[in-house]
Amino acid sequence: MSLSPLLQNLMQGLRCLPGVGPKSAQRMTFHLLQHDRLGAKRLIEALTQALEHVGYCQYCRMLCEETVCHICSNVKRDKAKICIVESPADVMAIEASQQYRGQYFVLMGHLSPLDGIGPEDIGMELLGKRFAQGDIAEIILATNPTVEGDATAYYIADMAKPYKIQTTRIAHGVPMGGELEHVDSGTLAQALVGRRELE
Amino acid sequence: MKPRVELEPAYVLHTRHYRETSLLLDCFTRDHGKISLIAKGARRLKSPQKGLLRPFLPLLISYVGRSELKTLTSCELSGSLLNLSGERLACAFYINELLSRLLHPHMAFPEMFLFYGEVLSITATEDNYTQALRLFEKNLLQVLGYELMLQQDKHGEPIQKDKEYLFFPEQGAIEMTSAIIANGSIIVSGETLLALANDNLKEAKHNFQAKIILQAALRRLLGHKPIQSKFLLHTPMEV
Ligand SMILES: [Zn+2]
């Protein structure tokens, strides 16, 4: 039996969400209409508001509804330090580690020549301007441990050079609490290449 | 039974995310040329393939499938990891971009596959790696059927070491005489043409002129879209 056009339409709409296949979309559709019509109304309102008002912080490109996000406007955070990440989810992950009190810059991607993603697509013009303003003393490159993440980190490090900004790249390798025999060979090989001297 | 390929030597050219946990891969394989694969669940935290399915690693891959898109069944490392960074990494991306854009799927070039591995390793380790890059460009043009005429000029006369030539990728070299207006054409020494013919670009001036010839020839095949890998460098490369 096929469902009515409006139900099908809703299911199709839900499938734009990550991890939602036909089965989950059908479950969500029935749930909203059968048990939680009020929840559905709230969802519509939240989506409408977010779509209308959420943009990018003009300093760090983090998603937010103000012109300057709450991290960039927080006077307790170290303005001389910027951690550069690929996505808003990475900001949340680093915040959760509670080891960092500086600011961020969110690239919203990485350089990828084969996908046609170049420097202007990841905010390099804005970052260049911030370097030129001269109040940044240190950057931490926290792009992903992929070849594209490495290339992006190098590009930014090169861009920072003339400004004498201290530049570091976060360490990558063997996960904590894991046993070596369970670590995949690619990750282990990377960890060996990037090994450090014991002090 | 689905067609099955076991332990095929391969390199990943490019990866894209697919759904929540999978990857789509373009691979350059020794015996099957360029192929597309799906690696199901490869982005899961505990996937054994997680750290392996990335460009510039020598792999042995096994896969099944009849359609254009094969399904990866296993993959293992078959050599040492290259330490590519900075300009060297950008050059490695450039090589992959050439292969991704110019190779037709399923056309195998086993010799070029071996040469590709060598060039990557030279790019990672040797000082004079741009020479290897030039020879790879030359080799690629050759296997694609666009071999450059380097030993003879357009009229079939042997190239002479101490003469200057105008070089046209389609036609070859024409001796420079005072009657020819060289506006916008590539001017190259006979010495460089012969050096490139002999795969010997140790001298910087030969390397530099060879780059101009080879990249002009490649541009014809690449069409209007410029090479994207050059945007990986904030400071353009000298060589
Ligand atoms: Zn901000």
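Computed from a prediction, not measured in an experiment: that's the story for all the values here.

Asks: Help me understand the packing of aromatic side chains in this model?
Replies: Two descriptors summarise a pair of aromatic rings, namely the distance from one centre to the other and the angle between the planes of the rings. Residues and elements named next belong to chain B. Taken as a whole, this structure holds nine aromatic pairs over all chains when the rule is applied. On the basis of an interplanar angle of 50° and a centroid distance of 5.5 Å, the ring pair of Y11 and F113 is categorised as tilted. With Y11 in strand 1 (residues 4–18) and F113 in helix 2 (residues 110–125), this pair connects stretches of sequence that are 102 residues apart. Taking the relative accessible area as the measure of exposure, Y11 reaches 10% and is therefore buried. Between F56 and F93, the ring centres sit 5.7 Å apart and the planes meet at 85°, which makes this aromatic pair edge-to-face. One end of the pair, F56, is in the loop between strand 3 (33–39) and strand 4 (59–64); the other, F93, is in helix 1 (residues 86–102), and 37 residues separate them in sequence. According to the relative accessible area criterion, F56 is buried, its value standing at 4%.

Asks: For this particular structure, what's the right way to read the coordination of the zinc ion?
Replies: Six octahedral donors around a metal ideally sit at 90 or 180 degrees from one another, while four tetrahedral donors ideally sit at 109.5 degrees. Residues and elements named next belong to chain A. Protein-derived ligands of the zinc ion are C57 (SG), C60 (SG), C69 (SG) and C72 (SG), with the metal-ligand distances lying across 2.3 Å. Coordination at the zinc ion is tetrahedral: its four donor atoms span angles of 106 to 116° at the metal. All donors of the zinc ion belong to a single chain; written as a sequence motif, their spacing is C-x2-C-x8-C-x2-C. C57 gets classed as buried once you look at its relative accessible area, which sits at 2%. Here C60 falls in the buried class, since its relative accessible area comes to 2%.

Asks: Would you mind showing me how to read the packing of helix 1 of chain B against helix 5 (residues 204–222) of chain B here?
Replies: In a packed pair of helices, the relevant descriptors are the angle between the two axes and the axis-to-axis distance. All names here are of chain B. Where helix 1 meets helix 5, the closest approach of the two axes is 10 Å, and the angle between their N-to-C directions is 40°. As judged from the angle between their axes, helix 1 and helix 5 are oblique. Here helix 1 and helix 5 pass one another in a crossing that is left-handed. Every residue of helix 5 that contacts helix 1 at Y94, L98, R101 and L102 is listed here: Q215, L218, L221 and L222.

Asks: Where do I start with the domain arrangement of chain A in this structure?
Replies: A common way to state how big an interface is: give the accessible area lost once the parts meet. Split into domains, chain A comes out as domain 1 (5–53) and domain 2 (68–197). Summarising the inter-unit geometry, the C-alpha centres of domain 1 of chain A and domain 2 of chain A are found 35 Å apart.

Asks: I would appreciate a short explanation of the pairing of strand 5 (residues 69–77) of chain B in the present structure.
Replies: If a strand is regular, its side chains alternate between the two faces of the sheet. Residue and element names in this part refer to chain B. Taken together, the three bridges between strand 3 and strand 5 define a ladder with parallel strand orientation. Across the sheet, residue L37 finds its bridge partner in strand 5, namely K70. Pairing geometry for strand 4 and strand 5, over six bridges, is antiparallel. When the bridges of strand 5 are listed, L60 appears paired with E76. Counting the residues that bridge the hairpin from strand 4 to strand 5 gives four residues, and of these G65 lies at a positive phi of roughly 135°.

Asks: Teacher, can you tell me more about the pattern of salt bridges here?
Replies: Opposite charge on two side chains makes pairing possible when the charged atoms of those side chains draw close. Taken as a whole and assessed by the stated rule, the structure comprises 14 salt bridges over all chains. The salt bridge involving D31(B) is made with R30(B); its shortest N-O contact spans 3.1 Å. Measuring nitrogen to oxygen at the nearest pair gives 4.0 Å for the salt bridge that ties E203(B) to K205(B). Note on E203(B): relative accessible area 41%, which makes it partly exposed. Beyond isolated ion pairs, a larger network of salt bridges with shared partners links D150(A), R169(A) and R54(B).

Asks: Where do I start with the confidence of the model for chain A in this structure?
Replies: Atomic detail in the predicted coordinates should be set aside for any region of low pLDDT. The predicted model of chain A averages 93 in pLDDT, with 99% of residues at 70 or higher. Mean pLDDT across the elements of chain A ranges from a minimum in helix 7 (residues 185–193) of chain A, with 81, to a maximum in strand 4 (residues 102–106) of chain A, with 98.

Asks: Even after reading the chapter, I still don't get the interface of chain A and chain B, so can you show me in this structure?
Replies: Between chain A and chain B, the residue contacts involve 26 residues of the former and 29 residues of the latter. Summed over both sides, the interface between chain A and chain B buries roughly 2400 Å², with carbon and sulfur atoms accounting for 65% of that surface. If you sort the residues of chain A by the area they bury against chain B, P113(A), L114(A) and V147(A) come out on top, with a joint share of 28%. Along the contact surface separating chain A from chain B lie one salt bridge. Where R54(B) meets D150(A), a salt bridge forms, and the shortest distance between an N and an O atom there is 4.0 Å. The interface formed by chain A and chain B includes four residue pairs in polar contact (both at pLDDT 80 or more).

Asks: Sorry if this is basic, but what is going on with a positive patch on the surface here?
Replies: A contiguous patch of positive charge on the surface is contributed by K2(B), R4(B), K40(B) and R66(B). Residue position: R66(B) is located in the loop between strand 4 and strand 5.

Asks: Whenever I open this one, the sheet that holds strand 4 of chain A confuses me. Can you help?
Replies: Two strands in a sheet stick together by hydrogen bonds in their backbones, pointing the same way (parallel) or opposite ways (antiparallel). Residues and elements named next belong to chain A. Sheet architecture is open: four strands sit in the order 4-3-5-6, paired in parallel fashion. The open sheet has two free edges, formed respectively by strand 4 and strand 6 (166–169), since each of these has just one partner strand. Sheet twist, expressed as the average angle between the axes of neighbouring strands with direction ignored, equals 25°. Note that strand 3 (residues 78–85) and strand 4 share five bridges and pair parallel. What sits directly across from V85, in strand 4, is V106.

Asks: Looking at this structure, how should I read unusual backbone geometry?
Replies: Glycine aside, residues mostly have negative phi angles, and peptide bonds mostly take the trans form. All names here are of chain A. For R61, which is not glycine, the phi torsion reads 70° and is therefore positive. Its location among the elements puts R61 in the loop between strand 1 (55–56) and strand 2 (63–64). For R61, a relative accessible area of 18% translates into the label buried. The backbone phi angle of Q98 is positive, close to 55°, even though this residue is not glycine. Here Q98 lies in the loop between helix 4 (88–97) and strand 4.

Asks: I tried to follow the environment of G186(A) on my own but got confused; where do I start?
Replies: Along the chain, the position of G186(A) falls in helix 7. Note on G186(A): relative accessible area 0%, which makes it buried. Separated by 112 residues in sequence, G186(A) and N74(A) place their C-alpha atoms 40 Å apart. Apart from residues lying up to four places away in sequence, G186(A) is in contact with G51(B), L52(B) and L81(B).

Criteria and cut-off values
Residues numbered from 1 in each chain as written. Chains lettered and ligands numbered in written order. Predicted model: local features only at pLDDT ≥ 70, side-chain atom pairs only at ≥ 80, totals over all residues. Heavy atoms only, no water. Phe/Tyr/Trp six-rings, centres within 6.5 Å; stacked < 30°, edge-to-face > 60°. Helix = DSSP H or I, 4+ residues; strand = E, 2+ residues; numbered from the N terminus. Buried < 20%, exposed > 50% of the residue type's maximum accessible area, 1.4 Å probe, protein only. Donors = N, O, S within 2.8 Å, 3.2 Å for Na, K, Ca; no water. Tetrahedral: all angles 85-135°; square planar, octahedral: opposite > 155°, others 65-115°. Axes fitted to C-alpha atoms, helices over the stretch in contact; angles between N-to-C directions. Parallel < 35°, antiparallel > 145°, perpendicular 65-115°, else oblique. Left-handed = near helix turned anticlockwise from the far one by under 90°. Contact = heavy atoms within 4.5 Å. Domains from an automatic or database assignment. Pairing = 2+ DSSP bridges. Salt bridge = Lys/Arg side-chain N within 4 Å of Asp/Glu carboxyl O. pLDDT = per-residue confidence, 0-100. Buried area = accessible area lost by both parts, 1.4 Å probe. Polar contact = N/O pair within 3.5 Å; in protein donor to acceptor, adjacent residues only side chain to side chain. Patch = residues over 30% accessible without salt bridge, like charges linked within 9 Å, V, L, I, M, F, W, Y side chains within 5 Å. Areas by Shrake-Rupley, 256 points an atom, 1.4 Å probe, with all protein chains shown as cover. Lys, Arg positive; Asp, Glu negative; His and termini not counted. Charge placed at Lys NZ, Arg CZ, Asp CG, Glu CD.

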